[in-house]
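Per-entry structural report
Each chain, written out:
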Amino acid sequence: MTGHVGTSGSRMGTLRGGLILAGFLALTVPLMPVQAALLRWSPAGARKFPHWYHKRVCRLMGIRLEIEGEVARDKPVLLVANHTSWLDIPVLSAVAPVSFVAKKEVGSWPFVSELARLQRSVFVDRARRTAVGETASEILARLASGDAIVLFAEGTSSDGNRVLPFMTSLFAAAKPSAKPGPEGAAEPEPDAVVQTVSVVYTRLHGIPLGRADRPFVGWYGDMEMQSHAWQLLKSGPLDVRIRIGPQVPLSSFADRKDLARRSEAHVREQVVRILRARADHEPVEIAAPESAAPVRPRPGAGGSGKWV
């Protein structure tokens, strides 16, 4: 009987995953030329259309969003977030019209690279120090145009049970050195604000995810994206809580290290509060950040790198 139930459950999961995948392709492929056209003819539409699209992707996948706070809509905003899974992309895109800072390698991934470009991602070549200046100019130009830019500040993804130390080098593009530069160098947008975004996946099939279960959602270490995505598609509906911090002027941070330190502290505290179900007025002990050493994947996982 147990074997029969297990086989039946496996078949139902495969059916669910297949239907979601088919629905995703049926939704996505026809809309890709629409977004391409908007990029050429309607920048405002190209900024908003992925938000509409990703809300439907989350609905299709059974991802239920519980959003606390609101992303600034009337000014440029840098969103500093923790990173757990490739699911963070559709989830955060469903929260507000955003673009992402992604590592250069994402631009070479089949199909994913096209989606990233269509969403106007900013690609960072972390292997070249001289590329930071180019990226800074692009990010600051995007902020000046009123964009909301998401920065996954850990520089990698975690298992969902912790927040890794933020990499200060990643903030150099958004908060350039205060030292005088050559004429025409990028300057911070005076009206730009920073908001933290804390993301925690809380339930699967309505059942709370514990410390041992949460890495199932996480995409980290050397996990291969296709197999991980397939397992999640088969698994069932997910609940995710997104807590958005208050608006803080980008100009109020002394430098990139100050920006990294303060945003890391706030994201870590909010993730801990969500994990422990603690309200803002309740005291909570925040452990010192763990080493940024790679998180060990589950047995049997293998494959490629992460979004950032």
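This text gives an overview of the structure that appears in the document. Per chain, the residues get numbers from 1 upward, laid out in the order the sequence is written. Where local features are concerned, this predicted model is filtered to residues with pLDDT of at least 70; where side-chain atom pairs are given and counted, the filter is 80 or more; whole-chain, interface and lining totals use all residues. With hydrogens and water excluded, all non-hydrogen atoms of the structure serve as input to the side-chain values.

1. A few points about helix α6 (residues 225-235)
What counts here: Summary of the burial criterion: residues with accessible area below 20% of their type's maximum are buried, those above 50% are exposed, and those between are partly exposed, where the area comes from a 1.4 Å probe applied to protein chains only. Secondary structure follows DSSP: runs of H or I at least 4 residues long count as helices, runs of E at least 2 residues long count as strands, and numbering of each begins at the N terminus. As used here, the arc belongs to the directions running from the helix axis to the C-beta atoms.
Of all the positions in α6, only M225, H228, A229, L232, L233 and S235 are classed as buried. Burial along α6 is one-sided: seen end-on, the buried residues are contained in an arc of 160 degrees. Looking one or two residues beyond α6, the residue adopting positive phi is G236, at roughly 135 degrees.

2. Remarks on helix α2 (residues 43-61)
Stated precisely, the cut-off is as follows: Expected span, for any helix, means 1.5 Å times one less than how many residues it has.
Given a rise of 1.5 Å per residue, 19 residues ought to cover 27 Å, and the 28 Å separating the end C-alpha atoms of α2 matches this to within 8%. The set of residues buried in α2 consists of G45, A46, F49, P50, H51, Y53, H54, V57, C58 and M61. Immediately beyond the C-terminal end of α2, within one or two residues, lies G62, with a positive phi of roughly 80 degrees.

3. Side note on the environment of L250
Residue placement: L250 occurs in the loop between β9 (248-249) and α7 (256-276). Residue L250 is classed as buried on the basis of its relative accessible area, which comes to 1%. A C-alpha to C-alpha distance of 5.7 Å links L250 and V194, two positions 56 residues apart in sequence.

4. Regarding the pattern of salt bridges
Quick note on the threshold: Note on definitions: salt bridges are taken to be side-chain nitrogens of Lys or Arg within 4 Å of carboxyl oxygens of Asp or Glu.
Counted under the stated rule, the structure contains 13 salt bridges. With its nearest N and O atoms 3.6 Å apart, the salt bridge here joins E68 to R241. Of this pair, E68 sits in strand β1 (residues 63-68) while R241 is found in strand β8 (residues 238-244), placing the two residues 173 residues apart along the sequence. Three or more residues are tied together by salt bridges with common partners; here these are R47, R120, E138, R142 and D147.

5. Remarks on the side chain of T84
Our working definition: What makes two residues a contact is simply this: any of their non-hydrogen atoms within 4.5 Å.
Here T84 shows up in the loop between β2 (77-81) and α3 (88-95). With a relative accessible area of 3%, T84 lands in the buried category. Non-local contacts of T84, meaning those with residues more than four positions away in its chain, are made with S157, S158, D159, G160, V199, Y201, G218 and W219.

6. Remarks on the packing of aromatic side chains
Formally: When two rings of Phe, Tyr or Trp (its six-membered ring) have centres within 6.5 Å they constitute a pair, described as stacked for plane angles under 30 degrees, edge-to-face for angles over 60, and tilted for the intermediate range.
Applying the stated criterion across every chain, the model contains four aromatic pairs. Pairing F100 with F152 gives two aromatic rings, centres 5.9 Å apart and planes at 20 degrees, and the pair type is stacked. Of this pair, F100 sits in strand β3 (residues 99-103) while F152 sits in strand β5 (residues 148-152), and the two are 52 residues apart along the sequence. For the residue pair F100 and F152, the accessibility class agrees, reading buried in each case.

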